[in-house]
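# Observations on the three-dimensional arrangement
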Amino acid sequence: MAWTSSCGAAAARAVRALGAEAVIFDGEGRGAGASGNPVALVAPRLDAGLAEPAQLFAQAFRRAVALYADLPQMIVARGALQFPVQPADPGRFAKIAASDLFEPGALAMLSPSQAGRRMGEAAPEALAFNDALVIEPHRLLAAWAPEVRDAAVDAIEAATEPGSERWRLLDAAGGVLATADAVIVAAGLASGELIAGLPLSAVRGQASWTALADPPGAAAFGGYAIPTRDGVLFGSTNDRDDTESDLRAEDHRRNLETLALGLPRLAERLADAPLEGRASIRVSTPDYLPLAGAAPGAPAGLFVLTGFGARGFTLAPLLAEHVAALALQAPSPLPAPLAAFVDPARFARRAARRGS
Ligand SMILES: Cc1cc2nc3c(=O)[nH]c(=O)nc-3n(C[C@H](O)[C@H](O)[C@H](O)COP(=O)(O)OP(=O)(O)OC[C@H]3O[C@@H](n4cnc5c(N)ncnc54)[C@H](O)[C@@H]3O)c2cc1C
């Protein structure tokens, strides 16, 4: 079995957990893409109400937190606050906190004074995710993808010779990098170059960080600020259809502006701090849900795992287990109605329904 990528790390873990062999390819090395920031927040998306997409985020969040508990060395902080952004948010948060979407005790509404004490500055009423995590992605990737073959996959083709394994990974010169029973393409935006017809779009994001004594806990407020080992990371910009990953002074300025909207005192403390940063590309889909399943229209054995937007570290572990189960014909942990929401063929299915 063979792979490309770094969400590929979650796929490799899931495949090995089912007793099969996994080989990971990455053309630029482990964590070269969006997964390479110094820290990442693991928290569910809340804009999905209480229906299936919200259930998907809740189940994926639970699974990610459970698996990450085995890697305590990568956990920088626990718990995160979500501040309201829209006027309707406090009511919505209270409804979600009172629902059975999350484990009892996983969510709590905090008064402005409770939230303010947590953040070290005035704060609004906030929703606390008690189980949220701030993790170091490079440690996660090192644990789940200890060996990565440093090679770009140029094409994936179904083998035709009798007796050969089903799929071949080819390099740019047409040489065979590997053969495999199944391939999971988890190459971020480049997944669309390896599998035709995937509805992927790019959203460039730059995060900023700096050293800081006593950084506050993690909070999201449209933007977000999360502790690093020795400071704070904040951001991020969102620039649709921009595929460049250069570091921009202007984007640091925009991140400070966003920070000032949520945590003005922290923004003031950082106004003259020397900022470091990193820009990379999030992958989005037309319905803002990932692609996790069989590659549409391809012969059996070719799978795709991408489209994680801004929530890869929450969604990937569970969805990788789903795809690994499909690849190995094992039972999926994802209930069928949720699997339909991430099925890469859903767009074609919906278009066919509209046309009939
Ligand atoms: C600024 C910013 C902040 C973010 N913060 C968070 C956060 O706090 N929490 C969170 O959950 N998510 C966050 N995200 C989103 C998260 O980073 C992504 O959802 C996640 O990294 C996607 O992982 P991936 O493996 O699909 O893609 P990537 O990490 O981009 O990996 C794709 C890999 O494929 C490789 N590749 C590409 N083409 C080929 C090829 N032909 N052959 C071989 N290898 C190939 C690349 O080299 C790359 O390493 C953030 C994103 C950005 C941009």
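Bear in mind the structure is a predicted one, so any value in this text is a computation, not a measurement. (Residues numbered from 1 in each chain as written. Predicted model: local features only at pLDDT ≥ 70, side-chain atom pairs only at ≥ 80, totals over all residues. Heavy atoms only, no water.)

### Looking at the packing of helix α1 (residues 8-17) against helix α9 (residues 312-327)
With their axes 8 Å apart at the nearest point, α1 and α9 run at an angle of 50 degrees to one another. As the angle between them shows, α1 and α9 are arranged oblique. The crossing of α1 and α9 is right-handed. Residues Ala10, Ala11, Arg13, Ala14 and Val15 of α1 lie in contact with α9, whose contacting residues are Ala316, Pro317, Ala320, Glu321 and Ala324. Along the lines of polarity and charge, the residues of the contact of α1 with α9 split into 8 nonpolar, no polar and 2 charged. (Axes fitted to C-alpha atoms, helices over the stretch in contact; angles between N-to-C directions. Helix = DSSP H or I, 4+ residues; strand = E, 2+ residues; numbered from the N terminus. Parallel < 35°, antiparallel > 145°, perpendicular 65-115°, else oblique. Left-handed = near helix turned anticlockwise from the far one by under 90°. Contact = heavy atoms within 4.5 Å. Nonpolar A, V, L, I, M, F, W, Y, C, P; charged D, E, K, R; others polar.)

### Remarks on the domain arrangement of the protein chain
Under the domain assignment, the protein chain is made up of domain 1 (2-33 + 141-200 + 287-355) and domain 2 (76-136 + 202-283). When each unit is reduced to the centre of its C-alpha atoms, the spacing between domain 1 and domain 2 is 30 Å. Contacts between the two partners involve 13 residues from domain 1, matched on the other side by 9 residues from domain 2. Counting the surface domain 1 buries against domain 2, the share from its top three residues, Gly33, Leu189 and Gly309, is 51%. The tally of links between domain 1 and domain 2 comes to 0 salt bridges. Put simply, domain 1 and domain 2 have 4 residue pairs in polar contact (both at pLDDT 80 or more) between them. (Domains from an automatic or database assignment. Buried area = accessible area lost by both parts, 1.4 Å probe. Salt bridge = Lys/Arg side-chain N within 4 Å of Asp/Glu carboxyl O. Polar contact = N/O pair within 3.5 Å; in protein donor to acceptor, adjacent residues only side chain to side chain.)

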